[in-house]
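The lines below spell out each chain.
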Amino acid sequence: MAEIETHEYDVVVIGAGGAGLRAAIEASALGARTALVCKSLLGKAHTVMAEGGIAAAMGNVYAEDNWQVHFRDTMRGGKMLGNCRMAQIHAQEAPARVHELESWGALFDRTDDGRIQQRAFGGHRYDRLAHVGDRTGLEMIRTLQQHAVQEGIDVYMECTISRLLKDGDRISGAVGYWRESGEYVAFKAKAVVLATGGTGKAFRINSNSWEYTGDGHSLAYWAGAELIDMEFIQFHPTGMVWPPSVRGILVTEGVRGDGGTLTNSDGKRFMFGYISDYFRAETAETEEEADRWYDDKLNNRRTPDLLPRDEVARAIVAEVKAGRGSPHGGVFLDIASRRPADYIKRALPSMYHQFKQLADVDITAAAMEVGPTMHYTMGGVRVEPDTGAATVPGLFAAGECAGGMHGANRLGGNSLSDLLVFGRRAGIGAAEYALGLGSPPALADADVASVTTEMDANFGSDGDENPYTIQSDLQDAMHTLVGIIRTGPEIEEALGKIADLKGRAAKASVTGSKAYNPGWHLAMDLRSLLTVSEAIARSAAERTESRGGHTRDDYQETDPEWGKWNLSLSQNADGSMKLEKTPLLEIPADLAALIEEAG
Amino acid sequence: MAQVDRAVSPPHRLGFLRTLRTDAWWFEPAAIGIGLSVFLGYLTVSAFLDGWAYEIGPYLTPVFEPKLAGSFDAWYFSPALLILWVPVGFRATCYYYRRAYYRSYLLSPPGCAVGDAGKKYSGESTFPLVMQNLHRFFMYAALVFVVLLWIGAIRSFYNTESIIDGVAVETGWGIGLGSIVLVINATLLMMYSFSCHSFRHLVGGGSSCFSCSAVSRARKRIWDRVSAWNESHRTWAWASLIWIVFTDVYIRLVANGHITDPNTWGGF
Amino acid sequence: MTQADTSHLEPGTSRTVTLRVFRGDASGGEFVDYTVEMDEGQVVLDVLHTVQATQAGDLAVRWNCKAGKCGSCSAEVNGKPCLMCMTRMNTLDVSKPISVTPIKTFPLIKDLVTDVSFNYEGAKQIPAFAPRAPDAADGSYRMMQQDIERGQEFRKCIECFLCQDVCHVIRDHPENKPNFLGPRQFVRLAELEMHPLDTADRTEFIREAGGIAYCNITKCCTEVCPESIHITDNAIIPLKERVVDKYYDPFRWIFGKLTGRD
């Protein structure tokens, strides 16, 4: 075998969104030789599409807010399935992470007294989201990117990792390819941090970019790590539905946070009819109270338009099913009749621009048509809360590809704070592990060669399968059979289709050269897409209840017994998927008391 | 990214006036080029035409403002040339006019994504174009001219001559079409000056803190105003240019008896 | 509340369109015509994806978000620099082939993908953000909205590099690249210079390494900016004025010496 380009680092971070950048910055600051490897150009990661804001209980708008309230909101929003230690760390550390961004140059919108402005969002008791109009993700990624550049961190752009390698049971490096040239590259690393985001591209209608193919989930799984909570998929209630080419593009929850309401074809604010018992005590029952709440959160309860995302998404599906949907199969999101045009343009500039340019809709004059879109993967690599360590030594994970933090449903705004808090912690975890490691792990030539052989496989394959068609078929199967409302038989049908698609993917043929060949890249991404799809479907089949981002039409109730278990996935020696029920981390009494303090 | 040096030739590579644009990109630079030639050409000619009457009664064409004719009658050249360096310099170094003539005259570039002229390009980094940095000094002088033009405009409401072209007219305060034309001219030139980029920098743009003191907060308010005007700097530039030509034509036609100015003084 | 009229977007009006796409790499290339079906409401990137999925699986094109937020899919459509995900087909004359070419200013890698490392190298050179000490014990700062609005406009930049592409200083004169950072970096420099917390002075950098004098303010960068940042009026010209303050204004210089402010 010819020598391939090899680099040696203490810590290799895979993925350069919010979590990856934050992890790399921290690892590098602690003195670890750090590389940041990303599939796209630096600064293009999916974090850039986050709109609404970063949840952090700074108490700038409501002094009553604090980490305890944020913790409670997060746990309840996750239907009590989240890891309480992660939720605690997250709520406690988020404010400092936001302040840190400011000291690196971020310019958040301000309050009148010059502090960071905070906006209302679904499931959050108080105005809590630090934001910049509706482009907070861009602000965050640019700030982190510029800080990383300033710190001189080595960045490997448009470089995709295909496999992680191990020396014995611990991580020893990673192998991948340069997208640009198609040349292979190996990284010898003491520790690897996965920060690759989610799995949205397994679904037809999604708000995610092409990169979201479940790479981190799969890399960890193949390396022997555990995945948890894979059945929980967040369908964001408000994606664009029309025209077809933009279906799924996100419409920020900030529209509702800033006064927008959901209405059906009768012009009725239907969310008042979908308040579950779980949230009844904290939700407004009349339109008058809901409208007062925008200005006075202390004496009024939250509008049901801002119930957690799973609740709102299900309500929209029900309205459309009942024949009260909008012309193109969504519902109406109306801010035009509720806020002045100049306010809308100032608070939601990208939404205004997006609808104007892509759908010919002026949101200051007309209602938007919206419907659910696959948005976020709650499940991910099982990690140790304090360090982000996965179950394989030397492997760490942070951000969307890590599991546990959000339980069965993530609150809006908790993602960006998750990236910062656990990105930093994973960076510390990885750096300390790497710097404390005695002998560096060895990268076996044979292992590297087996990965490059695997990457070559699709090339010059004599199969006749088109990778684009395979992905499209997978998206249809996942969306219709393992989508927002699921049933046992349909999930089984999906598993059959996934098995079939795996066979077809092995025969995917690629034309052209290795240089910047998207067909080839997709053929390789199919391996991770199919792996996470199977993980999602298997977990969804097993959990016979409805909870958060997992709704079973054949098991509509939330079962308290299931509330004690996570579903954990790992790879058997024969390559098959092992599914186990593992007990939820028990909530210590002091934290449990915080959740009990209702009202 | 891999570090490979790549020199390539896609089909739209390099070349003067080469582009794949399919729209009428050439229309704007052509129209602006013709417009500038016509109006600036007229003003150039006008400035030399001190032999052709340029004032009558209370009206003096702005091309010869401030009026130096009395003291410089014996001067070899037109007296306008003693003062014209101010408006000419101001407009020549103006950020808007630079855009206009770089595109229309120097074809640098003729249009966006259209190949520009010239093998070498150094922009405003070398002589003579480095002199564009003097724009603010012309702006200071132009601000003086705003005052002078307003004085001229106000003076146009007060006639001191009792006999004009052999006709007895009233003296004292009054109003004529010419006064209105001159007021509009002063207004447009004032707005052109107040919407200037250098003026915007002067009033507040150079500051990095708007909230720091009462003075800086006041500067912020002025800066906001000037910024709003600045967005229409191009409009002010053209309006004031066209109007000064119109004003000059109008007053000369009146002064030479081709048309009669309607006014309260009962003459010219 | 009114409902938007989207009747012109109704289906059943799909039609064929021909994209004339540049295919090639460092060794040269050619235009290839692809005729495909397109639906109403589609953007150029949608049609390219159809081409990729049905006729040319190896057609190289960068894209990520397909919502105008990441700035990856910059190209030139009918010769105009644009984001392909925000260029609606119904704004183009589809009765003729539509040319799609890579952005011109940067070295070609393959098809529509170019080597934009010039921009990343430029970013590395910029003197770093240097904030004052925090205003409060929790590490937070006090900044007023009115002081950050200029910077917020610049931070809308999605780094699509269309301004860099259209700028004739480097587009038509690649030899200027070592001496000129381009509009994107001037936007970044303006943001830093106007940042209320920043304590550094980058005027000399802007003039020397930045090469701001090469800009002849012909405003093409502003015209192509998908985020509608007033690059020329709000970033470049104010920076030119700051350079004049320091290097071409003797009155300022004397005033500074006399008052001890420099």
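Residues numbered from 1 in each chain as written. Chains lettered and ligands numbered in written order. Predicted model: local features only at pLDDT ≥ 70, side-chain atom pairs only at ≥ 80, totals over all residues.

**Quick notes on the overall build of chain B**
Part 1 of the reasoning: Of regular secondary structure, chain B possesses 10 helices and six strands.
Part 2 of the reasoning: Here the C-alpha atoms of chain B give a radius of gyration of 23 Å, more than 25% beyond the 18 Å that 2.2 N^0.38 yields for 268 residues.
Part 3 of the reasoning: Across its three principal axes, chain B shows a C-alpha extent of roughly 85 × 50 × 35 Å.
Part 4 of the reasoning: Taking all 268 residues of chain B together, the buried fraction comes to 38%.
Part 5 of the reasoning: Counting contacts in chain B only where the partners sit at least 6 residues apart, residues at least 24 apart contribute 71% of the total. (Helix = DSSP H or I, 4+ residues; strand = E, 2+ residues; numbered from the N terminus. Rg over C-alpha atoms; globule rule 2.2 N^0.38 Å. Buried ≥ 20, exposed ≤ 12 C-beta atoms within 10 Å, placed from the backbone. Contact = placed C-beta atoms within 7 Å.)

**Side note on the overall build of chain A**
Part 1 of the reasoning: If you tally the helices and strands in chain A, you get 17 helices and 18 strands.
Part 2 of the reasoning: Its C-alpha atoms give chain A a radius of gyration of 23 Å, near enough to 25 Å, the size a compact globule of 599 residues would have.
Part 3 of the reasoning: Viewed in the frame of its principal axes, chain A has a C-alpha envelope of about 70 × 50 × 50 Å.
Part 4 of the reasoning: A buried classification covers 65% of the 599 residues belonging to chain A.
Part 5 of the reasoning: Within chain A, contacts between residues separated by at least 24 positions form 74% of all contacts whose residues are at least 6 apart in sequence.

**A few points about the packing of helix α6 (residues 183-193) of chain C against helix α9 (residues 231-247) of chain C**
All names here are of chain C.
Part 1 of the reasoning: Between α6 and α9, the shortest axis-to-axis distance is 9 Å and the interhelical angle comes to 70 degrees. The angle between the axes of α6 and α9 places the two elements in the roughly perpendicular class. As for how α6 packs across α9, the hand of that crossing is left-handed. Each of Pro183, Phe186, Val187, Leu189, Ala190 and Glu193 in α6 lies in contact with α9, whose residues at this interface are Ile231, Ala235, Ile236, Pro238, Leu239 and Arg242.
Part 2 of the reasoning: Tallied by class, the residues present in the contact of α6 with α9 amount to 10 nonpolar, no polar and two charged. (Axes fitted to C-alpha atoms, helices over the stretch in contact; angles between N-to-C directions. Parallel < 35°, antiparallel > 145°, perpendicular 65-115°, else oblique. Left-handed = near helix turned anticlockwise from the far one by under 90°. Nonpolar A, V, L, I, M, F, W, Y, C, P; charged D, E, K, R; others polar.)

**Quick look at the domain arrangement of chain A**
Often, the extent of an interface is quoted as the loss of accessible area on bringing the components together.
All names here are of chain A.
Part 1 of the reasoning: Per the domain assignment, the segments of chain A are domain 1 (5-234 + 375-445), domain 2 (237-374) and domain 3 (450-564).
Part 2 of the reasoning: A separation of 29 Å is found between the C-alpha centroids of domain 1 and domain 2.
Part 3 of the reasoning: The interface of domain 1 with domain 2 comprises 27 residues on the first partner and 24 residues on the second.
Part 4 of the reasoning: Split into classes, the residues belonging to the side of domain 1 that touches domain 2 amount to nine nonpolar, 12 polar and six charged. (Domains from an automatic or database assignment.)

**Description of the pairing of strand β4 (residues 74-77) of chain C**
All names here are of chain C.
Part 1 of the reasoning: Neither face of β4 is open: one carries Ser74 and Glu76, the other Ala75 and Val77, and all of them are buried.
Part 2 of the reasoning: Across four bridges, the pairing between β4 and strand β5 (residues 80-83) is antiparallel. Bridge pairing in β5 links glutamate 76 to proline 81.
Part 3 of the reasoning: The turn joining β4 and β5, which pair antiparallel and follow one another in sequence, is formed by two residues; a positive phi near 50 degrees is taken by asparagine 78.
Part 4 of the reasoning: Judged from the two bridges that link them, β4 and strand β6 (residues 98-101) form a sheet pairing that is antiparallel. Directly across from glutamate 76, in β6, lies its bridge partner threonine 101. (Pairing = 2+ DSSP bridges.)

**Here we look at the sheet that holds strand β3 (residues 54-55) of chain A**
All names here are of chain A.
Part 1 of the reasoning: The antiparallel open sheet is built from three strands, whose spatial order is β3-β5-β4. At either margin of the open sheet sits one strand with a lone partner, and together these are β3 and β4 (118-119).
Part 2 of the reasoning: The sheet contact formed by β3 and strand β5 (residues 129-130) spans two bridges and is antiparallel. From the neighbouring strand, isoleucine 54 faces β5, where its bridge partner is alanine 130.

**Some thoughts on the environment of C:Cys225**
Residue and element names in this part refer to chain C.
Part 1 of the reasoning: Residue placement: cysteine 225 occurs in the loop between α8 (220-224) and α9.
Part 2 of the reasoning: Since 23 C-beta atoms lie within 10 Å of it, cysteine 225 is described here as buried.
Part 3 of the reasoning: Not counting chain neighbours up to four residues away, the residues in contact with cysteine 225 comprise Leu162, Cys163 and Ile231.

**Regarding the interface of chain A and chain C**
Part 1 of the reasoning: Every contact between the two is made by 57 residues of chain A and, on the other side, 55 residues of chain C.
Part 2 of the reasoning: Elements represented by at least two residues in the side of chain A that touches chain C include exactly α3 (84-103), α4 (136-150), α11 (349-359), β14 (366-377), α14 (467-481) and α16 (518-542) of chain A.
Part 3 of the reasoning: Here the side of chain A that touches chain C is composed, by residue class, of 27 nonpolar, 17 polar and 13 charged.

**What to know about the nonpolar core**
All names here are of chain A.
Part 1 of the reasoning: The biggest cluster of nonpolar side chains holds 321 residues, and the ones touching the most others in it are Val11, Val192, Val193 and Phe396.
Part 2 of the reasoning: A per-element tally of this core places α16 first, with 13 residues.
Part 3 of the reasoning: For valine 11, the contacting residues outside a window of four places in its chain are Ala27, Ala32, Thr34, Ala189, Ala191, Val193, Ala430, Ala431 and Ala434. (Core = buried A, V, L, I, M, F, W, Y, C linked by C-beta atoms within 7 Å.)

**Some points on the environment of C:Gly79**
Part 1 of the reasoning: Positionally, C:Gly79 belongs in the loop between β4 and β5.
Part 2 of the reasoning: The exposure class of C:Gly79 is buried, given the 21 C-beta atoms found within 10 Å.
Part 3 of the reasoning: Considered as a pair, C:Gly79 and C:Thr101 are 22 residues apart in the sequence and their alpha carbons are 7.5 Å apart.
Part 4 of the reasoning: If sequence neighbours within four positions are ignored, C:Gly79 has contacts with B:Thr19, B:Leu20, B:Arg21, B:Thr22, B:Ala113 and C:Ser99.

**Looking at the sheet that holds strand β18 (residues 577-583) of chain A**
Think of a sheet as strands paired side by side through backbone hydrogen bonds, with each pair either parallel or antiparallel.
Residue and element names in this part refer to chain A.
Part 1 of the reasoning: The strand order β15-β10-β17-β18 describes an open sheet built from four strands, whose pairing is antiparallel. On the outer flanks of this sheet lie β15 (380-381) and β18, each paired with one strand and no other.
Part 2 of the reasoning: Bridging between strand β10 (residues 227-228) and β15 involves two bridges; their strand directions are antiparallel. If you follow leucine 227 over to β15, its bridge partner there is valine 381.
Part 3 of the reasoning: Packing against the sheet, α16 makes contact with β10, β17 (565-571) and β18, and its axis sits at approximately 50 degrees to β18.

**Thoughts on the interface of chain B and chain C**
Part 1 of the reasoning: On the side of chain C, 49 residues touch chain B, which itself brings 44 residues to the contact.
Part 2 of the reasoning: Of all the secondary-structure elements, those providing two or more residues to the side of chain B that touches chain C are α5 (95-104), α8 (197-205) and α9 (214-230) of chain B.
Part 3 of the reasoning: Broken down by element, the residue count for the side of chain B that touches chain C peaks at five residues, all from α5(B).
Part 4 of the reasoning: Among the residues making up the side of chain B that touches chain C, the classes are represented as 17 nonpolar, 18 polar and nine charged.

**A few points about the packing of helix α1 (residues 27-48) of chain B against helix α10 (residues 233-255) of chain B**
Between two packed helices, both the angle of their axes relative to each other and the distance between the axes serve to describe the pair.
Residues and elements named next belong to chain B.
Part 1 of the reasoning: Interhelical geometry of α1 versus α10 gives an angle of 40 degrees and a closest axis separation of 10 Å. Put simply, α1 runs oblique to α10. Of the two possible hands of crossing, α1 and α10 adopt the one that is left-handed. Contacts from Phe39, Tyr42, Leu43 and Ser46 of α1 reach α10 at Leu241, Ile242, Val245 and Asp248.

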